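Remarks on the overall topology
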Amino acid sequence: GFENIGIVLLQRELRFNRKFLFDISAILFEVIVVIIAGFILRNAWALVIGALAHRVGTVVFSYVYHPYRPKFKPRLAQYRHLFRYGKWVSLSASVSYFVNQGDNFSVGKIVGPVGLGYYQPAFSLALLPVAEFGRVLGNALFPTFAKLEASQRGGAFIRIAQLLFAFTIPASLGLYALAPEIVQVVFGSRWMPMAPLVSVLAFYALVRSFEAVGSPFFMGIGKPKIITIALFIQCISMAVLLPTLIHIFST
C-alpha cells in the first residue's frame, strides 16, 4: 500500500525500460536476501523473509525509479469515477483467484496430494507459452488500447490476436504432440504420469490465450465489467463441471 503510484505511470507512458529496471531491482533484492537467509537459517523461513524483502524493496525502488510523490488530497468527483471503474477490477481480481485456484482445491480434495503433485507442474508447463507471452503482451496492450482512438481499436485487436495465435497455436500443438518427450527431458522419468495431463491441458492453454488479448482490450476501452462477467461464468462452470469430471476419470 505504500508503493509509489507513479510506477503505474511508467506503464501508462510505455516507458518499459524504467519499468524493467524497477522489476528486476526488486527481484534481485529478493534473491540476494533469500540466499543470505538460506545460508543462515537453513529452513523455509528464508522464503518468507525473501517475500517480505521483495515487498519492502518494491516500496523503496518505486520512489527511486519515478519522481512522482503522492499527496493525500481527496477529491470526491475523481473518487466516484475511479470507484465506477475500480469496483469491477477489484471484483474480477477476487473471482480470478477462485478461477485460478479452484482446480487445485478440487484436485487436491478429490484425488489427493499425489494427484495434485502431478497436476500442478503439468498445468504450469502447458500454460507456460501462453502465460509468458500473455504477461509480456498484457503489460503493453492495456495502455496501448487506452491510448488508441475508438476507430483504431478493432483493427489493432485483430492484428494483435493474429500475432498471439501465430505463437500459441504451434506451441500448444507442440506440447500436445511431444508431451512425453518434454516431460522426460524437463522433469525426468519419475514424472511421466503427468504427460497425458500436459497433452490435455495444452488445448486448455490454447483457449486461455483468448484471455491474454481480450482482458487488456476490455480494460483499455473502459469496460472491465465484461471481464468480470466472463470470469463469473468460468468460475461457475468450473465449480459445477470439474468435481464431476474428476470423479468420472479418476474411477
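Residues numbered from 1 in each chain as written. Predicted model: local features only at pLDDT ≥ 70, side-chain atom pairs only at ≥ 80, totals over all residues. Heavy atoms only, no water.

Points about the overall build of the chain
Here is the rule we go by: In DSSP terms, a helix is any run of H or I states spanning at least four residues, a strand is any run of E spanning at least two, and both are numbered starting from the N terminus. For every residue, the accessible area obtained with a 1.4 Å probe (protein chains only) is divided by the maximum for its type, and the residue is called buried under 20%, exposed over 50%, and partly exposed between those limits. Contacts were defined at the residue level, with two residues in contact if any of their heavy atoms lie within 4.5 Å. Positive charges come from Lys and Arg alone, negative charges from Asp and Glu alone, with His and the N- and C-terminal ends not counted. Here the site of a charge means atom NZ of a Lys, CZ of an Arg, CG of an Asp or CD of a Glu.
Scanning the chain from terminus to terminus reveals eight helices and zero strands. Its helices and strands taken in sequence order, the chain reads α-α-α-α-α-α-α-α from the N to the C terminus. For the chain, the proportion of its 251 residues judged to be buried stands at 31%. Partitioning the intrachain contacts of the chain with sequence separation of at least 6 by distance along the chain shows that 74% fall at a separation of at least 24. Computed over 22 positive and 9 negative side-chain charges, the inter-centroid distance for the chain is 11 Å.

A look at the pattern of salt bridges
What counts, and what does not: Salt bridges are counted wherever a side-chain nitrogen of Lys or Arg sits within 4 Å of a carboxyl oxygen of Asp or Glu.
Summed over all chains, the structure comprises three salt bridges. The partner of Asp23 in a salt bridge is Lys19, with the nearest N and O atoms 3.1 Å apart. Of this pair, Asp23 and Lys19 both sit in helix 2 (residues 16-41), four residues apart, which is roughly one turn of that helix. Of the residues examined, Asp23 reaches a relative accessible area of 30% and is grouped as partly exposed. Two residues, Glu211 and Arg208, come together in a salt bridge whose shortest N-O distance is 3.1 Å. On the criterion of helical spacing, the pair formed by Glu211 and Arg208 is a turn pair, its members being three residues apart in helix 7 (residues 195-220). Assessed through its relative accessible area of 17%, Arg208 is described here as buried.

A look at the confidence of the model for the chain
Counted only if it meets this: A residue's pLDDT is the predictor's confidence in that residue, given on a scale from 0 to 100.
Overall, the prediction assigns the chain a mean pLDDT of 85, with 97% of residues at 70 or greater. Within the chain, no element has a lower average pLDDT than helix 5 (residues 113-147), which sits at 81, and none a higher one than helix 3 (residues 45-64), at 93.

Re helix 4 (residues 76-110)
For clarity, the threshold we go by: The span you would expect from a helix comes to 1.5 Å times its residue count less one. The angle between axes fitted to the seven-residue stretch ending at a residue and the seven-residue stretch beginning at it gives the bend at that residue.
For helix 4, spanning 35 residues, the distance from its first C-alpha to its last is 49 Å, which sits close to the expected 51 Å at 1.5 Å a residue. Largest kink in helix 4: about 45°, centred on Gln101. Those residues of helix 4 lying buried are Ser92, Val95, Ser96, Val99, Gly102, Asp103, Asn104, Ser106 and Val107. Positioned one or two residues after helix 4, Gly112 has a phi angle of 110°, which is positive.

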